[in-house]
Amino acid sequence: MRRVLAGLVILAQLGGCATLRTLDANKPGAPVVYAGTRLDLYVINGGCCPQDRFGAEAPAYPGLDLPGSALLDTVLLPLSLLTAAGVGFNATGGL
C-alpha cells in the first residue's frame with residue numbers, strides 16, 4: 001500500500017496536477033468550477049490549446065491525473081462556487 005501511495009505522489013509531482021495548475025492561472029473567463037477535471041477531459045478529448053482556454057498547461061498524463069483532480073476539485077467545490085458567484089475574501093494572517 002505504501003508503494004502505491006508513493007508511486008502516486010511521485011507521478012503527481014512528475015506529471016503535475018491540473019487542479020493545482022488552474023488555481024494559479026490568472027486568466028479572465030477561465031473555468032473555475034471543476035477546472036482541473038475539465039482541463040484533463042479537454043486534453044483527453046483532443047483539445048488543442050489548453051493554455052488559451054484554461055490559462056494553464058495540461059499535465060503530462062491527463063488520464064492518470066483525472067481521478068486525483070476530480071477528488072481535489074470536489075474538496076474545493078464550495079470555494080470555487082463562491083469564487084464563480086463573485087464572492088471575494090480579503091483574509092489576512094498573523095496574530
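Relevant structure appears above.
These figures come from a predicted structure and were not determined experimentally.

Visitor: What is the right way to look at helix α3 (residues 35-44) in this model?
Guide: When α3 is considered as a whole, its buried residues turn out to be Ala-35, Gly-36, Thr-37, Leu-39, Asp-40 and Tyr-42. On its buried face, α3 sits against α2 (18-24), α4 (50-54) and α5 (62-75). Residue Gly-46 follows α3 closely and has a positive phi angle near 90 degrees.

Visitor: Looking at this model, I keep getting lost on the packing of α3 against α5. Mind explaining?
Guide: A pair of packed helices is characterised by two quantities: the angle between their axes and the separation of those axes. Remark: α3 packs on α5, axes separated minimally by 8 Å, with the N-to-C direction vectors making an angle of 160 degrees. Looking at the two axes, α3 sits roughly antiparallel to α5. Here the hand of the crossing between α3 and α5 comes out left-handed. Here Ala-35, Gly-36, Thr-37, Asp-40, Leu-41, Val-43 and Ile-44 of α3 come into contact with α5, specifically with Pro-62, Gly-63, Asp-65, Leu-66, Ser-69, Ala-70 and Asp-73. Residue classes in the contact of α3 with α5 are distributed as 7 nonpolar, 4 polar and 3 charged.

Visitor: Would you mind showing me how to read the nonpolar core here?
Guide: Buried together is how nonpolar side chains tend to be arranged in soluble globular proteins. Of all hydrophobic cores here, the largest spans 5 residues; its members are Ala-18, Leu-39, Tyr-42, Phe-54 and Ala-58. The contacts of Leu-39, once residues within four sequence positions are left out, are Ala-18, Thr-22, Pro-50, Phe-54, Ala-56, Glu-57, Ala-58 and Pro-59.

Visitor: Mind showing me how you'd approach the environment of Ser-69 here?
Guide: With respect to the helices and strands, Ser-69 occurs in helix α5. Here Ser-69 falls in the buried class, since its relative accessible area comes to 0%. The sequence separation of Ser-69 and Thr-37 amounts to 32 residues, and the corresponding C-alpha distance is 5.5 Å. The contact partners of Ser-69, leaving out residues within four places of it in the chain, are Cys-17, Ala-18, Thr-19, Gly-36, Thr-37 and Asp-40. Polar contacts involving the side chain of Ser-69 include one to the side chain of Asp-40, which spans 3.3 Å. In terms of polar contacts, Ser-69 uses its side chain to reach the side chain of Asp-65, at 2.7 Å.

Rules used in this analysis
Residue positions are counted from 1 within each chain, in the order its sequence is given. The model is predicted, so local features are restricted to residues of pLDDT at least 70 and side-chain atom pairs to those at 80 or more, both for listing and for counting; the totals for chains, interfaces and linings are taken over all residues. Note that water and hydrogens are dropped before the side-chain values are worked out from all heavy atoms of the structure. Each residue is assigned to one of three classes by its accessible area relative to the maximum for its type, calculated with a 1.4 Å probe on protein chains only: buried under 20%, partly exposed between the two thresholds, exposed over 50%. Working definition: helices are DSSP H or I runs of at least four residues, strands are E runs of at least two. Numbering for both runs from the N terminus. Whether two residues are in contact is decided by their heavy atoms, any of which lying within 4.5 Å being enough. Throughout, an axis means a line fitted to C-alpha atoms (over the contacting stretch in the case of helices), and angles, computed between N-to-C directions, take values from 0 to 180 degrees. Note on terminology: angles under 35 degrees are roughly parallel, angles over 145 are roughly antiparallel, angles of 65 to 115 are roughly perpendicular, and the others are oblique. Definitions for this section: a left-handed crossing has its near helix turned counterclockwise from the far helix by less than a right angle. A right-handed crossing has that turn clockwise. Charged residues are taken to be Asp, Glu, Lys and Arg, nonpolar residues to be Ala, Val, Leu, Ile, Met, Phe, Trp, Tyr, Cys and Pro, and polar residues to be all remaining types, Gly included. Nonpolar cores were defined as sets of buried Ala, Val, Leu, Ile, Met, Phe, Trp, Tyr and Cys residues, with membership established by side-chain atoms within 4.5 Å. Under this definition, polar contacts are N or O atom pairs within 3.5 Å; protein pairs additionally need one hydrogen-donor-capable and one acceptor-capable atom, and for neighbouring residues in sequence, both atoms have to be side-chain atoms.

These figures come from the coordinates and say nothing about function on their own.
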